[in-house]
Amino acid sequence: MSKHKALKGAIAAVASVATLGALAAPALAADTTYSPNGKSVAELAQHGGAQRIAAIGNKKAKNVVLFIGDGMGDSEITVARDYLKGANGHFDGLDAVGQPSALGDVQAGTGQYTTFSVGNGSKDSAVGKDGDGKLVANPNPGKLTPVTDSSASGSAWATGTKTYNNAVDVDIYGNPQLNLFELAKAAGKATGNVTTAEIQDATPAVLESHSSERACYGPQGKTDGTSNNASKQCLINQLKENGGIGSISEQLLDTRADVTIGGGSKYFRQTVQGGEYAGKTVWEQAKEMGYQTVENDPAAMNALEYKEGQPVLALMSDGNMPTKFNPSKATAQDPAKDANPTVCTMNDKWLGNQGSSLADMTKKALDLLEANPASDANGYFLQVEGASIDKQDHAGNACGQIGETDDFDQAIAYAMKNVDLTNTLVIVTADHAHTSQILNAQPAYALSTVLKTADGNNMVVSYGTAEADSRDEDGGYNGGDMAHTGTQLRIAASGPGAQRVIGLTDQTDNFYTIANTLGLASTSDDQKSLSNDAKTEVKLTDGKYVAESTGFNGDAVLSYELKDKSGNVLAASDSSTPVSGVRVKTAQTTSIALDKVAEGNEYTLTVTGRQSGKTVTVDFQAPAANSADKNNGKPGAGNADKNGVIASGKVNNDTKAGPFGAALLGKTGTAVLAAAVAIAMLVAVAMLIKTAKAAKNDR
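What counts and what doesn't
Residues numbered from 1 in each chain as written. Predicted model: local features only at pLDDT ≥ 70, side-chain atom pairs only at ≥ 80, totals over all residues. Heavy atoms only, no water. Core = buried A, V, L, I, M, F, W, Y, C linked by side-chain atoms within 4.5 Å. Buried < 20%, exposed > 50% of the residue type's maximum accessible area, 1.4 Å probe, protein only. Helix = DSSP H or I, 4+ residues; strand = E, 2+ residues; numbered from the N terminus. Contact = heavy atoms within 4.5 Å. Phe/Tyr/Trp six-rings, centres within 6.5 Å; stacked < 30°, edge-to-face > 60°. Lys NZ or Arg CZ within 6 Å of the ring centre and 35° of its normal.

Chemist: Tell me about the nonpolar core, residues and numbers included.
Modeler: Counting 110 residues, the largest nonpolar core has Phe67, Met316, Phe381, Leu382, Phe408, Val426 and Leu451 as its most contacted members. For this core, the element with the most residues is helix α15 (residues 398-418), which contributes eight residues. The contacts of Leu382, once residues within four sequence positions are left out, are Val64, Val65, Leu66, Gly192, Asn193, Val194, Ala365, Leu366 and Leu369. Core analysis: the next-biggest nonpolar cluster, separate from the first, contains 25 residues, Phe552, Leu594, Val616 and Val651 among them.

Listed below in structure tokens is the structure:
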């Protein structure tokens, strides 16, 4: 065997282990480093493994509104309050949520939560990639990482699972983890997602998609459609043209939230590369899927009304939305700054000037959700992000982050006055801490801005976490490189069950607070049971054969296999990675084209939920040529019913179904598969070591 073939085989073996891990992730090899509470990285990376208050119960609420200030640590809140309100000032939103007695007898609580991740990038996962998007699996995935990024932190509260920086709702093995939108939709609730960032950015993306790479914005990558960068920014196995579940933008449409408002409209100008919409732009796909679409038009956004079966997709800017305040620049120590402190000014391009502030967008989202019959019957879940607190912190832009914090605060204040806190839980927190610090004097070794605050005093805001010297020719910071910090964060809540945030919790606890408050399936077993009633119908429509699956609500990805009468596999989904396969459209119909079906022949179709392990088998015979069935299955037309259904099947929940059927969900089945995965991983690692030794010997 050549070195090239050996290496290819070893990587393929690791990839197959990653796929098997979709059903038994804990069996994979992982970093065994112990954290102070005695849990290994592998244990912390399990669903719910990092909870600090797992034993604390929940009160029920009909609705939940989650406010995320991206990068809004305690320091960022204080900087904005001191500048805008004075040191003894008060925010109408930020300082009211969680404050006892601030809202009458409403339950309230304030605490802190931890934000660490379990991998410093996809190189620490089983689904890493090289520069060409090809799989590079780490055989020892997971690494305790004290400083998180927005995608790992968002995945933690969206799914209850700790993961690696750069991951969107997949664990360190690459296995998709069900998120709050999927679970809310399975429960019949309405869903809304609002952000001042690109809608494909990490925080909104964790409610829309599953991606091994956070930069996999669209079918052509992170581009406006004039180029194709997908292989640079996506694991190519995830792309639809390669048999994957698709990019973040494409999955957003599949998830079908009732309300989506944000930026990033230019990424919807990309051309779809695979699947039924290939050759069309993502905007065109959205319109064909029945969305009400708005592109960069605040007036049109404000005119939107609820329409049955027509979810809202309003993207208000090409990229991230313009900030409320014009930028300031952090510079090196200079006495002249104390004598001439900075005063922030309004940005003429801020969309709030056109009726699209974050408060305006929050109002529109709440109006649309409350007009939705699903909300009236079952409630809603809404996430609102003030995204550019973080982005301006990265740039050392004090005025920028202050204006975005102010915009965020006003959105919270609007919600607090307009939701019913007797049946709605409101949570306000952040995803990670950031760089800005308030000092008594300008630092000698960091860049800073001196601001004149509302109470007339000078306030020094320091920025000192850039990993490289990024000062420009004027000695000012050129933006983009200030790094996050790993400190714990404030979390506050008002409404039913708000006390659950008191004390020290973890970001993953926030998932359980929200899910259990809304009555959603939060444990792995409960989530798997959501697919108990799944079914698949084989249909003949307009001369084409298609399998339509419904009820796989405990799954994010389906696999399928089509065999002929002799048992030959004619077609099958790709299973090279956990993000390969067919993306489930939760609480909707997921379609699979059966292009290999020929008239008059007999077939067996098997459809399996990759997360639940639930399987549907359908045996069918395609109508013969010139039969009545070919006329779209009209009444009396052979073996097709009036809807064109040729045959159908349901999940067999018999626990005696065998090691690869429903029994897989039991302890014995999981243990058997765990052993198989462990053996496979040992073989894969051995192959990698052998290949490395061979290469060394040939030098």
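Chemist: I'd like a description of the environment of Ala454, backed by residues and values.
Modeler: Here Ala454 shows up in the loop between β12 (447-452) and β13 (458-463). A residue is classified by how much of its surface remains accessible, and Ala454, at 48% relative accessible area, is partly exposed. Residues Ala454 and Asp82, 372 residues apart in the sequence, show an inter-C-alpha distance of 7.0 Å. Discounting chain neighbours no more than four positions away, the residues touching Ala454 are Asp82, Tyr83, Leu84, Lys85 and Gly86.

Chemist: Explain the packing of aromatic side chains to me, using residue names and the numbers behind them.
Modeler: As enumerated under the stated definition, the model contains six aromatic pairs in all. Relative to Phe408, the ring of Phe67 lies with its centre 6.1 Å away and its plane at 70°, an arrangement referred to as edge-to-face. With a gap of 341 residues between them, Phe67 in strand β1 (residues 63-69) and Phe408 in helix α15 connect regions that are remote in the sequence. The same class applies to Phe67 as to Phe408, namely buried. On the numbers, 5.9 Å between centres and 85° between planes, the contact of Phe181 with Phe381 is edge-to-face. One end of the pair, Phe181, is in helix α5 (residues 180-186); the other, Phe381, is in strand β9 (residues 380-386), and 200 residues separate them in sequence. Summarising the burial analysis for this pair, Phe181 and Phe381 share the class buried. Over the ring of Phe116 we find Lys162, and its NZ or CZ is 3.9 Å from the ring centre. The ring of Tyr291 carries the charged tip of Arg256 above its face, separated from the ring centre by 5.1 Å.

By themselves these figures say nothing about function.
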